[in-house]
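Read off the chains here:
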Amino acid sequence: MPIVERDVAAQITEILADPLARVRGLHGRGPFTLAYPVAVKTGTSSGYRDTWAIGYTHERTVAVWVGNADGSGTQSLTGASGAGHLFAAVMERAMADVPTRAPLWEGERLQSVEVCALSGDLPGPACEHRASHLVAEANMPQGTCSMHQHVRPDPASPSGWRCDPRGRTVATVLPDAYEEWILAHAPGSPESPWMTRAAVPGCADEAGALPTLRVTSPALGSVILLGDRGGAAAQVVDVRLEVDPPGLAAAIGEVEWVVDGVGVARSPYPYRAQLPIRAGDHEVLARPVDPRRAARFEPSRFSVR
């Protein structure tokens, strides 16, 4: 009885047999450069207690385990450096008496498709780097890449850029969940900037949509302990806001933080602030400073004790 569908098995096999993927994962081809394609997966347990290498051709399956019988750690052996060399030797011996080697998967199971090398979606007009992948029909990409956009300078936007199909610069525009990663790693350059979607107007604006300004920190129902240094009367609370849909954040502009009905601070995108909050139960929301900007509000209610 089949455990997985044939197309799924072919897709996984193609991934495990990709020599370029091994270069990225093993910082080289490792010991798996054989005279024929082989699908292989290595593994290393925590503390280097065990190393594994398990793989197969159409005709043979080989599994190798390396470790100490008492469960103690090895001298930093990994699946490739430990079990990998034994795996390659055993596989070569096991395949030596196979006169005709069949392909790893049935060719009609996978189709070649060109995709954006970053997103994996069908390339859009701004996708400069593309790659060809073998994909099962059920997993064919349907959408067009939205991570690469033509942009033009716009001093009024949070990022200094605006999406424009006529723009000459290509930007990498990622979902807002990547904001902290972008800030930490600062990829890109002035000629090829990286930024989050909320910081770039025009990329995902939805005509007639009304954004929701949702306070995500402090989380709804949080209880924050009041600092006891010198009998502090207030606690500094980190407040954060997200805009839904993210593509409308750039149109919001500066926001005002309102605590218990009183405006206490303002902040631009990415909408964060630190507010001194006294002991008690509180409600905090954020609203656009510009009264012409309409939005829905989702406040957070929390306590300082």
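For clarity, every value in this text was computed on a predicted model and none was experimentally measured.

J.: For the overall build of the chain, give the residues involved together with the corresponding values.
T.: Within the chain one finds four helices and 19 strands. If you line up the chain on its principal axes, its C-alpha atoms span 80 × 55 × 40 Å. Within the span of the chain, comprising 305 residues, buried residues form 37% of the whole. Looking at charge distribution, the chain has the averaged site of its 28 positive side-chain charges lying 3 Å from that of its 34 negative ones.

J.: Please give an account of the nonpolar core that cites residues and values.
T.: Core analysis: the largest hydrophobic core is formed by 32 residues, its most contacted members being V200, L241 and W257. Within the residue set of this core, elements represented by two or more residues are β7 (161-163), β8 (169-174), β11 (212-217), β13 (234-244), β14 (255-259), β16 (272-278), β17 (280-288) and β19 (300-304).

J.: Explain the packing of aromatic side chains residue by residue, including any values.
T.: As enumerated under the stated definition, the model contains three aromatic pairs in all. Where W181 meets W194, the ring centres are 6.1 Å apart and the plane angle is 50 degrees; that geometry is what we call tilted. Pair noted here: W181 is in helix α4 (residues 179-185) and W194 is in strand β10 (residues 192-196), with a separation of 13 residues, a long-range link. Relative accessible area serves as the criterion here: at 38%, W181 is assigned to the partly exposed category. For W194, a relative accessible area of 25% translates into the label partly exposed. Ring centres of Y269 and Y271 lie 5.6 Å apart, and the angle between their planes is 90 degrees; this geometry places the pair in the edge-to-face category.

J.: Tell me about the sheet that holds strand β9 (residues 188-189), and please be specific about residues and values.
T.: The sheet built from five strands is open, its strands ordered β7-β6-β8-β10-β9 with mixed pairing. Since the sheet does not close on itself, it has two edges, and those belong to β7 and β9, each with one partner. In this sheet, β8 lies alongside strand β6 (residues 148-153) in antiparallel orientation, the contact comprising four bridges. Along β8, the bridge assignment pairs H150 with V170.

J.: Could you give an account of the environment of T196, naming the residues involved and the relevant values?
T.: Note that T196 resides in strand β10. In this structure, the C-alpha to C-alpha distance between T196 and E180, residues 16 residues apart in sequence, is 9.7 Å. Apart from the residues lying within four places of it in its own chain, the contact partners of T196 are V173, L174, P175, D176, Y178, E179, I182 and Y269.

J.: So what's going on with the layout of surface pockets? Which residues, and what values?
T.: Size it by volume and the largest pocket reaches roughly 450 Å³. By residue number, the principal contributor to the lining of the largest pocket is helix α1 (residues 6-16), which donates five residues. Taken together, the residues of the lining of the largest pocket break down into 10 nonpolar, three polar and four charged.

J.: Could you give an account of the pattern of salt bridges, naming the residues involved and the relevant values?
T.: Applying the stated criterion to the full structure yields 18 salt bridges. R109 serves as the salt-bridge partner of D7, at 3.1 Å between the closest nitrogen and oxygen. With D7 in helix α1 and R109 in the loop between α3 (79-95) and β4 (110-116), this residue pair connects regions lying 102 residues apart in the sequence. Among the ionic pairs, R109 bridges to E106, the shortest N-O distance being 2.8 Å. Taken together, the shared-partner salt bridges in this structure form one network comprising E179, E180, D238, R240 and R272.

J.: Tell me what's going on with α1, and back it up with residues and numbers.
T.: The set of residues buried in α1 consists of A10, Q11, T13 and E14. The buried residues of α1 occupy one face: seen down the axis, they fall within an arc of 165 degrees. Along its buried surface, α1 packs onto β1 (39-44), β2 (50-56), β4 and β5 (130-136).

J.: Please set out the pairing of β6 residue by residue, giving values where relevant.
T.: Where β6 meets β7, three bridges bridge the pair, whose relative direction is antiparallel. Looking at the pairing, P153 lines up with W161 of β7.

J.: How would you summarise the side chain of S300 if you had to cite specific residues and measurements?
T.: Structurally, S300 is set in strand β19. One polar contact links the side chain of S300 to the main-chain carbonyl oxygen of P218, over a distance of 2.6 Å. In contact with S300, other than residues within four places in its own chain, are V215, P218, A219, L220, H282, E283 and V284.

What counts, and at which threshold
Residues numbered from 1 in each chain as written. Predicted model: local features only at pLDDT ≥ 70, side-chain atom pairs only at ≥ 80, totals over all residues. Heavy atoms only, no water. Helix = DSSP H or I, 4+ residues; strand = E, 2+ residues; numbered from the N terminus. Buried < 20%, exposed > 50% of the residue type's maximum accessible area, 1.4 Å probe, protein only. Lys, Arg positive; Asp, Glu negative; His and termini not counted. Charge placed at Lys NZ, Arg CZ, Asp CG, Glu CD. Core = buried A, V, L, I, M, F, W, Y, C linked by side-chain atoms within 4.5 Å. Phe/Tyr/Trp six-rings, centres within 6.5 Å; stacked < 30°, edge-to-face > 60°. Pairing = 2+ DSSP bridges. Contact = heavy atoms within 4.5 Å. 1 Å grid on protein atoms, 1.4 Å probe; cavity = no way out; pocket = protein on both sides within 12 Å on 5 of 7 lines; lining within 4 Å. Points joined across faces, edges and corners; volume = space filled by probe spheres on them. Nonpolar A, V, L, I, M, F, W, Y, C, P; charged D, E, K, R; others polar. Salt bridge = Lys/Arg side-chain N within 4 Å of Asp/Glu carboxyl O. Arc of directions from axis to C-beta. Polar contact = N/O pair within 3.5 Å; in protein donor to acceptor, adjacent residues only side chain to side chain.

Geometry only, nothing functional implied.
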